[in-house]
Amino acid sequence: MAPEHRSFAPRLTRRSLLTAGAATTGALLVGSAGTSAAAAEKTGQATGKTQPAVIHLPNGFRPEGITIGGGPYAYLGSLGDGSIYRADLRTGEGTVVSTGPGTPSVGLKLDHRGRLFVAGRGEGARVVDARSGKVLASYRLTTATPTFANDVFLTPHTAWFTDSFQPALYALPLGRHGALPDADEVVTIPLSGDWSQVAGEVVNANGITSTPDGSALLVVQSGVGGLHRVNPRTGATRLVALGDAAPLTNGDGLLRIGRTLYVVQNRQNAIDVFKLAADGRSGVFRRRITDPLFDVPTTVAAYRGRLYLPNARFTTPPTPQTTYDVISVPA
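Let me begin by describing the structure that accompanies this report. (Residues numbered from 1 in each chain as written. Predicted model: local features only at pLDDT ≥ 70, side-chain atom pairs only at ≥ 80, totals over all residues. Heavy atoms only, no water.)

1. Thoughts on the overall build of the chain
For the chain, the count of helices and strands is two helices and 25 strands. Residue burial in the chain is summarised as follows: out of 331 residues, 56% are buried. Roughly 13600 Å² of accessible area belongs to the chain as shown, and the carbon and sulfur atoms make up 50% of that amount. (Helix = DSSP H or I, 4+ residues; strand = E, 2+ residues; numbered from the N terminus. Buried < 20%, exposed > 50% of the residue type's maximum accessible area, 1.4 Å probe, protein only. Areas by Shrake-Rupley, 256 points an atom, 1.4 Å probe, with all protein chains shown as cover.)

Next up, the structure:
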């Protein structure tokens, strides 16, 4: 299960962000939570006790986002038709639990109520019941064009979405007991400070998580290769000092566990691991995780000491017969 969310401040509301009182609201945040996969696949055995190192997805599925909840199940979204697939981490078997709308599903996160918050690229966002597959709500995040809702991060009171084509974050304020907001309650937080948007359809804001102390958000800007610390009330950003670490030019999905930050470097077929300061203003590069079976992994989720990454295979032309899988490596 992802690390437990905690909250140190009142609930984020649309009114609090759109009035002068926003500066005192303080929507504090905390993160949602040896043997290589190639060797395990070669011998046809699972690493660990029961978890397969390779999980095969349906041909033509085109995965991008992944999320894992408290049980041994991973949920993945399709860039093809937007379907949601559930994979059993114990057996590798799975099934489509929600047929897509015909448009992409990109990043997604599962909350403790069994709801999937899905970034829908140009279609905004939607919330899906992970059990029934029913769409509970849909949101148009912005009227700006172009737009690319790429990833999502959950706190107890807010669902945060990145936009790779616009210099802004979008917040869905959650009500009492996690009540979903109305369609007109989406809050736009323009990015400022150190943020410098690259014009055109270049991937800017991508993966998102929070600082270890929950005081701010962390967002990777792929096209520039920087990691930004974002004030969730104002959108003001500062580049995180990462020392001599290589630029995060291929930075994609982010996963933070405690003070350890995992950054997926998609076309580098690697995960860069950093130790963060508690406030997220700086970090130290610790190591790089690679595996021969990585084929442009995009996002990452964790379960019982292992990391799970879907191979998006962006360098392979997609067809209905193209094979896709999820690779598991030790965390």
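From this point, the discussion proceeds with the structure in view.
2. Things to note about the sheet that holds strand 3 (residues 73-78)
Across the sheet, four strands lie side by side as 2-3-4-5; this open sheet has antiparallel pairing. Strand pairing shows two members of the sheet lacking a second neighbour, strand 2 (63-68) and strand 5 (94-98), which therefore form its edges. Looking at each pair of strands side by side, their axes are set apart by 30° on average, direction ignored. Across four bridges, strand 4 (residues 84-88) lies against strand 5 in antiparallel orientation. Within strand 5, the residue paired with Arg86 across the bridge is Thr95. (Pairing = 2+ DSSP bridges. Axes fitted to C-alpha atoms, helices over the stretch in contact; angles between N-to-C directions.)

3. Focus: the environment of Ser105
Position of Ser105 among the secondary structure elements: in the loop between strand 5 and strand 6 (108-110). Judged by relative accessible area, Ser105 falls into the buried class, the value being 0%. Distance in space between the C-alpha atoms of Ser105 and Arg62 is 9.8 Å, their sequence separation being 43 residues. Excluding residues that lie within four positions of it along the chain, Ser105 makes contacts with Glu64, Gly77, Ser78, Leu79, Gly82, Ile84, Val118, Ala119 and Arg126. For Ser105, the side chain forms a polar contact with the main-chain oxygen of Gly82, separated by 2.8 Å. (Contact = heavy atoms within 4.5 Å. Polar contact = N/O pair within 3.5 Å; in protein donor to acceptor, adjacent residues only side chain to side chain.)

4. Overview of the pairing of strand 15 (residues 205-210)
For strand 15, a buried count of six out of six residues is recorded, marking the element as mostly surrounded by other parts of the structure. One ladder, built from four bridges, connects strand 15 with strand 16 (residues 217-221); its direction is antiparallel. Directly across from Thr209, in strand 16, lies its bridge partner Leu218. With antiparallel pairing between neighbouring strands as the criterion, strand 15 and strand 16 make up a hairpin whose turn holds six residues, including Gly214 at a positive phi of roughly 75°.

5. Concerning the nonpolar core
Note that soluble globular proteins tend to have their nonpolar side chains buried in a common cluster. If you look at the biggest cluster of nonpolar residues, it comprises 17 residues, and the most contacted ones within it are Phe117, Tyr139, Leu141, Phe161 and Leu172. Those elements giving two or more residues to this core turn out to be strand 7 (115-119), strand 8 (125-129), strand 9 (135-139), strand 10 (149-154), strand 11 (158-163) and strand 12 (168-173). Every residue in contact with Leu172, bar those within four places of it in the chain, is listed here: Tyr139, Leu141, His157, Thr158, Ala159, Phe161, Pro181 and Val186. One finds Leu57, Ala87, Tyr324 and Val326 within the second-largest nonpolar core, a separate group that totals 15 residues. (Core = buried A, V, L, I, M, F, W, Y, C linked by side-chain atoms within 4.5 Å.)

6. Observations concerning unusual backbone geometry
For the bond from Thr145 to Pro146, the omega torsion is -5°, close enough to zero to count as cis. Within the element layout of this structure, Pro146 appears in the loop between strand 9 and strand 10. Look at Arg313: it is not a glycine, yet its phi comes out positive at around 55°. Tracing the backbone shows Arg313 in the loop between strand 24 (306-310) and strand 25 (324-330). Take Arg313: its relative accessible area is 19%, and that puts it in the buried class.

7. Points about the pattern of salt bridges
In the structure shown here, the tally under the stated rule is six salt bridges. Here Lys109 ties to Asp151 by a salt bridge, and the two come within 3.6 Å at their closest N and O atoms. Separated by 42 residues along the polypeptide, Lys109 in strand 6 and Asp151 in strand 10 bring together distant segments of the chain. The pair Lys109 / Asp151 is uniform in exposure class, with both members buried. Notably, a salt bridge pairs Arg288 with Asp272, separated by 2.7 Å at the nearest N-O pair. Placement of the pair is Arg288 in strand 22 (residues 283-290) and Asp272 in strand 21 (residues 270-276), with a sequence separation of 16 residues. Classification of Arg288 as partly exposed rests on a relative accessible area of 38%. With a relative accessible area of 3%, Asp272 lands in the buried category. (Salt bridge = Lys/Arg side-chain N within 4 Å of Asp/Glu carboxyl O.)

8. Concerning the sheet that holds strand 8
Adjacent strands of a sheet form backbone hydrogen bonds with each other and so pair up, either parallel or antiparallel. Spatially, 6-7-8-9 is the arrangement adopted by the four strands of the open sheet, whose pairing is antiparallel. The open sheet has two edge strands, strand 6 and strand 9, and neither has a second partner. Between one strand axis and the next, the sheet turns by 15° as a mean value, whatever way the strands run. Judged from the five bridges that link them, strand 7 and strand 8 form a sheet pairing that is antiparallel. Its bridge partner being in strand 8, Arg115 is matched across the sheet by Asp129.

9. Topic: the side chain of Thr147
Its location among the elements puts Thr147 in the loop between strand 9 and strand 10. Beyond its immediate stretch of four places on either side in the chain, Thr147 contacts Arg121, Gly122, Thr142, Asp163, Phe165 and Tyr170.

10. Quick notes on the packing of aromatic side chains
If you walk through the whole model with that rule in mind, you get three aromatic pairs. Across the ring face of Tyr73, the terminal group of Arg86 is positioned such that the distance to the ring centre comes to 5.4 Å. Between Arg121 and the ring centre of Phe148, over which it is positioned, the NZ or CZ distance is 4.1 Å. (Phe/Tyr/Trp six-rings, centres within 6.5 Å; stacked < 30°, edge-to-face > 60°. Lys NZ or Arg CZ within 6 Å of the ring centre and 35° of its normal.)

Everything listed is a geometric property; what it means functionally is a separate question.
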